[in-house]
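Spelled out from the first residue to the last, the chains are:
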Amino acid sequence: SATRALYRWRGFDQPVDQNMDRGSVNFTASPGGWLQVSYDGSLEKFDNQAKDFKHSDIPFPAGQTYNPASDATRPLGFVPDSTLLTNGIRLSKSYANTAWGAGYAHATLEQDTFTNPQTTAHYDTGKTSTDNGYFTVTHQVAPHLGLEGHLKYQRRDNDSTYPVTG
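So, here is what we can say about the structure in this document. (Residues numbered from 1 in each chain as written. Predicted model: local features only at pLDDT ≥ 70, side-chain atom pairs only at ≥ 80, totals over all residues. Heavy atoms only, no water.)

## Structural notes on the pairing of strand β2 (residues 36-48)
Working step 1: In the sheet, strand β1 (residues 18-29) pairs with β2 via 12 bridges, with the strands oriented antiparallel. Looking at β2, one finds that D21 is bridged to K45.
Working step 2: Joining the antiparallel neighbours β1 and β2 is a turn of six residues, in which G32 adopts a positive phi near 65°.
Working step 3: Here β2 pairs with strand β3 (residues 82-94) via 11 bridges, running antiparallel. Across the sheet, the residue bridging to Q36 is S92, located in β3. (Pairing = 2+ DSSP bridges. Helix = DSSP H or I, 4+ residues; strand = E, 2+ residues; numbered from the N terminus.)

Dropping the structure here:
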């Protein structure tokens, strides 16, 4: 109905101006043919250069029931800048009937920018880290019989500010 259409969300135009830069390095080596070592690492920066809109930036038609003046600084569509750092190493070795492999990886994602309400409430750290590790061994006992063992480790740590005041 016409009355219902008046209260429908109409949306708004938000310009997009973002940069995503990534640098990575990886290598594999086998020192003396004794062991194989692999490393992967990367640094990724996301930079949102578009304007950070607030509710007070939205022009509402006359007669709307929403009053943005009471919540004028609340973010609308906020996309924070962030940094992602990843590192991983893998080792492997094979013998006559036995092979093993091990690896470890670490990643950290940090929020680099915050809204005014976040900083007012002392939310000034946005950081999440993950760690993963594994060890696998395979042994051929007989031509048609093999054994395999696998250990796995995972940890996630959220070091973001919590609780916040306000």
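## Considering the pattern of salt bridges
Working step 1: Evaluated as defined, the whole model comprises five salt bridges.
Working step 2: Two residues, D40 and R90, come together in a salt bridge whose shortest N-O distance is 3.0 Å. On the criterion of sequence distance, the pair formed by D40 in strand β2 and R90 in strand β3 is long-range, its members being 50 residues apart.
Working step 3: In this structure D40 comes out as partly exposed when scored by relative accessible area, which is 30%.
Working step 4: Across the pair R155 and D157 runs a salt bridge whose closest N-O atoms are separated by 3.7 Å.
Working step 5: Classification of R155 by relative accessible area gives partly exposed; the value is 36%. (Salt bridge = Lys/Arg side-chain N within 4 Å of Asp/Glu carboxyl O. Buried < 20%, exposed > 50% of the residue type's maximum accessible area, 1.4 Å probe, protein only.)

## Details of the pairing of strand β4 (residues 98-111)
Look at any regular strand and the pattern is simple: side chains alternate between the two faces of the sheet.
Working step 1: Pairing of β3 with β4, which is carried by 13 bridges, proceeds in the antiparallel orientation. Considered in β4, the bridge of S82 is made with Q111.
Working step 2: Between the end of β3 and the start of β4, which pair antiparallel, lie three residues.
Working step 3: With 14 bridges connecting them, β4 and strand β5 (residues 126-142) associate as antiparallel partners. Bridging from a neighbouring strand, G101 pairs with T136 of β5.

## What to know about a nonpolar patch on the surface
Working step 1: Where nonpolar side chains cluster on the molecular surface, the patch consists of F135, V137 and L151 and spans about 260 Å² of accessible area.
Working step 2: Inspection of the secondary structure assignment puts L151 in strand β6 (residues 145-158).
Working step 3: You can call L151 exposed: its relative accessible area is 59%. (Patch = residues over 30% accessible without salt bridge, like charges linked within 9 Å, V, L, I, M, F, W, Y side chains within 5 Å. Areas by Shrake-Rupley, 256 points an atom, 1.4 Å probe, with all protein chains shown as cover.)

## Some thoughts on the environment of R74
Working step 1: Within the fold, R74 resides in the loop between β2 and β3.
Working step 2: Overall, R74 belongs to the partly exposed group, its relative accessible area being 39%.
Working step 3: Along the chain, R74 and T115 lie 41 residues apart, while their C-alpha atoms are 8.4 Å from each other.

## Some points on the sheet that holds β4
Working step 1: Spatially, β1-β2-β3-β4-β5-β6 is the arrangement adopted by the six strands of the open sheet, whose pairing is antiparallel. Unpaired on one side and paired on the other, β1 and β6 mark the two borders of the sheet. Averaged over all adjacent pairs, the angle separating strand axes in this sheet is 5°, with direction ignored. (Axes fitted to C-alpha atoms, helices over the stretch in contact; angles between N-to-C directions.)

## A short note on the environment of D112
Working step 1: Counting through the fold element by element, D112 comes out in the loop between β4 and α2 (116-120).
Working step 2: C-alpha of D112 to C-alpha of P80: the two residues are 32 residues apart in sequence and 6.7 Å apart in space.
Working step 3: Among residues more than four places away in sequence, those in contact with D112 are K45, D81, S82 and T83.
Working step 4: At a separation of 3.4 Å, a polar atom in the side chain of D112 contacts the side chain of K45.
Working step 5: In terms of polar contacts, D112 uses its side chain to reach the side chain of T83, at 2.6 Å. (Contact = heavy atoms within 4.5 Å. Polar contact = N/O pair within 3.5 Å; in protein donor to acceptor, adjacent residues only side chain to side chain.)

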